[in-house]
Amino acid sequence: MLPATSKLCAAISYRHLRNMTGLRRQAAVAISQELSRLACRSPGPGTWINQVRRRSSLLSSRLEEKPFSEMEMSYIKQGEEALQKSLSILGDQDGWKTETVVGNGDKVLSKVLPDVGKVFRLEVVVDKPLDTVYSELVDNMEQMGEWNPNVQEVKILQKIGKDTVITHEKAAAPPGNIVGPRDFVSVRCSKRRGSTCVLAGMATKHGAMPEQEGFVRAENGPTCMILRPLTGSPSQTKLTWLLSIDLKGWLPKTIINQVLSQTQVDFANHLRERLARAVAV
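Residues numbered from 1 in each chain as written. Predicted model: local features only at pLDDT ≥ 70, side-chain atom pairs only at ≥ 80, totals over all residues. Heavy atoms only, no water.

**Student:** Please clarify how the overall build of the protein chain should be interpreted in this entry.
**Tutor:** What the protein chain contains, in helices and strands, is six helices and 12 strands. Residues counted as buried form 42% of the 281 residues belonging to the protein chain. Taking all contacts inside the protein chain whose residues are at least 6 apart in sequence as the whole, residues at least 24 apart take part in 58%. Roughly 15,600 Å² of accessible area belongs to the protein chain as shown, and the carbon and sulfur atoms make up 53% of that amount. (Helix = DSSP H or I, 4+ residues; strand = E, 2+ residues; numbered from the N terminus. Buried < 20%, exposed > 50% of the residue type's maximum accessible area, 1.4 Å probe, protein only. Contact = heavy atoms within 4.5 Å. Areas by Shrake-Rupley, 256 points an atom, 1.4 Å probe, with all protein chains shown as cover.)

**Student:** Which parts of the structure should I look at to understand the side chain of Gln-264?
**Tutor:** Topologically, Gln-264 is positioned in helix 6 (residues 253–280). Of the polar contacts made by the side chain of Gln-264, one reaches the backbone oxygen of Trp-241; its length is 3.2 Å. Among all residues touching Gln-264, those that are not within four sequence positions of it are Val-108, Phe-120, Arg-121, Leu-122, Trp-241 and Leu-243. (Polar contact = N/O pair within 3.5 Å; in protein donor to acceptor, adjacent residues only side chain to side chain.)

**Student:** Sorry if this is basic, but what is going on with unusual backbone geometry here?
**Tutor:** With the exception of glycine, most residues fall at negative phi, and the peptide bonds are largely trans. Cis peptide bonds are those with omega within 30 degrees of zero, and the linkage from Gly-221 to Pro-222 qualifies with 0°. Of note, Pro-222 is situated in the loop between strand 9 (219–220) and strand 10 (223–230).

**Student:** What am I meant to see in the pairing of strand 11 (residues 233–243) here?
**Tutor:** Two faces make up the sheet, and in a regular strand the side chains alternate between them. Most of strand 11 sits out of view: eight of its 11 residues are buried. Bridge count between strand 3 (residues 117–126) and strand 11: seven bridges; the pairing is antiparallel. By the bridge assignment, Val-124 is partnered in strand 11 with Leu-239. The pairing of strand 10 with strand 11 spans seven bridges and is antiparallel. Residue pairing in the sheet places Arg-228 in a bridge with Lys-238 of strand 11. (Pairing = 2+ DSSP bridges.)

Shown next, in the form of structure tokens:
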């Protein structure tokens, strides 16, 4: 090992390992060992010094993060699983059947999956930039009941890190009260990768929100929304919504399918109206 490399690795190890215990100490040790390994095998200073800088920065950022409890980690894992499973479903283009096509181009597709049941896929274009749509759906999540008549209330029960939240949602009773009052407890995971945003979720349980009197506890997921700038028109956003819900209780499938596909179409219209009002204000 080069002398300068030894001193650098020792300095990093000492500075960041001091005053740490448990899992954080183990993680830092592993990263520090990786620095030494890279330094030993790299042919010259130009390559390995950049690697050291990047990994040192990674180490510092990891140490600044608040450690998560076992329960919080389980929620994070659930959100990641919902995201991966949703993307896998949407990535398979086979077997989708058209449910609804609206004059403005909005369409709802569906397919039946052996381990999930019937899922619905909404594809629309919104005449607003991605950041505007993302802000409304994520940053202003708890305001959804103000503009979507199908939602009575959305409440954030817990935030975990930057990407994960636990929510409680009450669905508004549809006209004629065909379905009846439902509520959901969900873990939601939001990720931004370049110009693509993915908002995924699935049903979970949370101690702060047991089953509520007067509501049937339904379950959703895996479900997700994907937001991308429309190709050739960055001021518009392509929104794809995968919807998978088990409404529980005894309900005819024909009614469920009609309600869910119409719910997606209505959502797109209400979202456009909300964004138009927000811009006007």
